[in-house]
Amino acid sequence: MATQKGILPLVGTLEGVNFYIRKGKAVARKAGGGFTGKAIKIKPSMERVRENNSEFGHCSKIKKGFRIALIPFLKYYIDGTLHGRMMQLFQEIKDYDSSSTRGSRTVGHGILTATGKEVFRNFVYNPNCKVSEVVPMKGIYNEETGVFTVNDFDINLVRFPKSATHLELQFGVLGVDFSTLNFKLCLATPLVLEKKVPLDGFEFVPDILPEIGWERFAFVGITFYQEVNGIRYVLKEEGNVGVACVG
């Protein structure tokens, strides 16, 4: 690679030499080589690239499915980093698939491992609103019935934002068929709690459950509101909307 010298920098290919801008400097190099579509498809030396591309595409589809399915929890949450962080999550989980060969590893197999489950459950969708810290509660999720029960709840432990008057809790069971990439979110009726009004406990019961045989993931979402003249308005600031996997 050589540095271009002259009044006007060249950009393009001329007589077998590529001219382009790199890190703000005009440079030139011999044309040819590098990654081409044809080379990636057929060259033996590009096998690792083909494997990575295949698994990356798979993880991207999984990420998209989860993002769309979780819209009821994330519709008020805007974060430009969430896409990248979720991609990193599923790529890591895919790596725990030890039963498949490289290039064919899947999130569906990786998430069935103990480590895969732990990594998925501990993922924080909104770093500014970690549900377990903002709304402390002792929740028990029944995997067979899909019911989420909270006992010994103390509203005074909830970290209400300064202007918030109400907290909405939402619960749902997300079913995923990793073989067909079908997603189905089954929601329970949301619960709205008023600040300082005591409540010992509550229970969420989804109206329906995902198909038998699908992997199931239970989520709790929180949203804070401010009531003005009898109308509740969502507080959309970064720390006022959150969601977490609870089972």
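Residues numbered from 1 in each chain as written. Predicted model: local features only at pLDDT ≥ 70, side-chain atom pairs only at ≥ 80, totals over all residues. Heavy atoms only, no water.

**Q** Can you lay out the overall build of the protein chain for me, pointing to particular residues and giving the numbers?
**A** A count of helical and extended segments in the protein chain gives 7 helices and 13 strands. Here the analysis covers contacts within the protein chain between residues at least 6 apart in sequence; of these, 61% occur between residues at least 24 apart. In the structure as shown, the protein chain presents an accessible area of about 14600 Å², 52% of it carried by carbon and sulfur atoms. (Helix = DSSP H or I, 4+ residues; strand = E, 2+ residues; numbered from the N terminus. Contact = heavy atoms within 4.5 Å. Areas by Shrake-Rupley, 256 points an atom, 1.4 Å probe, with all protein chains shown as cover.)

**Q** Any details on the nonpolar core? Residues and values, ideally.
**A** Grouped together as the largest cluster of nonpolar side chains are 28 residues, with contacts concentrated most on Phe 66, Phe 90, Phe 120, Tyr 125 and Phe 219. Of all the secondary-structure elements, those providing two or more residues to this core are helix H2 (47-69), helix H3 (71-74), helix H4 (82-95), helix H6 (114-121), strand S7 (166-177), strand S11 (215-228) and strand S13 (241-245). Of the residues forming this core, the biggest block, 6 residues, is contributed by H4. Ignoring anything within four residues of it in the chain, the contact list for Phe 120 reads Phe 66, Leu 89, Phe 90, Ile 93, Ile 111, Tyr 125, Phe 217, Phe 219 and Cys 245. By size, the runner-up hydrophobic cluster in this structure holds 27 residues, among which are Val 134, Ile 155, Ala 188 and Phe 204. (Core = buried A, V, L, I, M, F, W, Y, C linked by side-chain atoms within 4.5 Å. Buried < 20%, exposed > 50% of the residue type's maximum accessible area, 1.4 Å probe, protein only.)

**Q** Which residues make up the sheet that holds strand S5 (residues 138-141), and what values do they have?
**A** Reading across from one edge, S5-S6-S10 is the order of the 3 strands in this open sheet, with antiparallel pairing throughout. Edge strands, defined here as strands with exactly one partner in the open sheet, are S5 and strand S10 (202-204). Strand-to-strand twist across the sheet, computed as the mean angle between neighbouring axes with direction ignored, equals 20°. By the bridge criterion, 4 bridges tie S5 to strand S6 (residues 148-151) in an arrangement that is antiparallel. Among the inter-strand pairings, Tyr 141 is bridged to a residue of S6, identified as Phe 148. (Pairing = 2+ DSSP bridges. Axes fitted to C-alpha atoms, helices over the stretch in contact; angles between N-to-C directions.)

**Q** Any chance you could break down the pattern of salt bridges for me, citing the residues and the numbers?
**A** For the structure on display, the rule yields 6 salt bridges. A salt bridge links Arg 105 to Asp 95, with the nearest nitrogen and oxygen atoms 3.7 Å apart. In this pair, Arg 105 is assigned in the loop between H4 and helix H5 (107-110) and Asp 95 in helix H4, connecting sequence segments 10 residues apart. Taken together, the shared-partner salt bridges connect Glu 55, Lys 94, Asp 95 and Arg 105 into one network. (Salt bridge = Lys/Arg side-chain N within 4 Å of Asp/Glu carboxyl O.)

**Q** Got a sec to walk through a nonpolar patch on the surface? Specific residues and values, please.
**A** A contiguous nonpolar patch, built from Val 228, Ile 231 and Tyr 233 and spanning about 270 Å² of accessible area, is present on the exposed surface. Inspection of the secondary structure assignment puts Ile 231 in strand S12 (residues 231-234). (Patch = residues over 30% accessible without salt bridge, like charges linked within 9 Å, V, L, I, M, F, W, Y side chains within 5 Å.)

**Q** Residue-level account of the packing of H4 against H6, with values.
**A** Between H4 and H6, the shortest axis-to-axis distance is 9 Å and the interhelical angle comes to 170°. Judged by the angle between their axes, H4 and H6 are roughly antiparallel. Note on element contacts: H6 touches H4 through Gly 116, Val 119 and Phe 120, opposite Leu 89, Phe 90, Glu 92 and Ile 93. Here the contact of H4 with H6 is composed, by residue class, of 5 nonpolar, 1 polar and 1 charged. (Parallel < 35°, antiparallel > 145°, perpendicular 65-115°, else oblique. Nonpolar A, V, L, I, M, F, W, Y, C, P; charged D, E, K, R; others polar.)

**Q** Can you lay out unusual backbone geometry for me, pointing to particular residues and giving the numbers?
**A** Phi angles above zero are rare outside glycine, and Asp 152 is one such case at about 55°. Owing to a relative accessible area of 63%, Asp 152 belongs among the exposed residues under this scheme. Non-glycine residue Lys 196 carries a positive phi angle of around 75°. With respect to the helices, strands and loops of the structure, Lys 196 is situated in the loop between strand S9 (191-194) and S10. On the basis of relative accessibility, which here comes to 58%, the residue Lys 196 falls in the exposed class.

**Q** Any chance you could break down the pairing of strand S8 (residues 182-187) for me, citing the residues and the numbers?
**A** Looking at chain direction, S7 and S8 are connected through 6 bridges and run antiparallel. Bridging from a neighbouring strand, Asp 177 pairs with Asn 182 of S8. Remark: 4 residues form the turn of the hairpin made by S7 and S8, two consecutive strands paired antiparallel; Leu 181 in that turn has positive phi of roughly 60°.

By themselves, these figures tell us nothing about what the structure is for.
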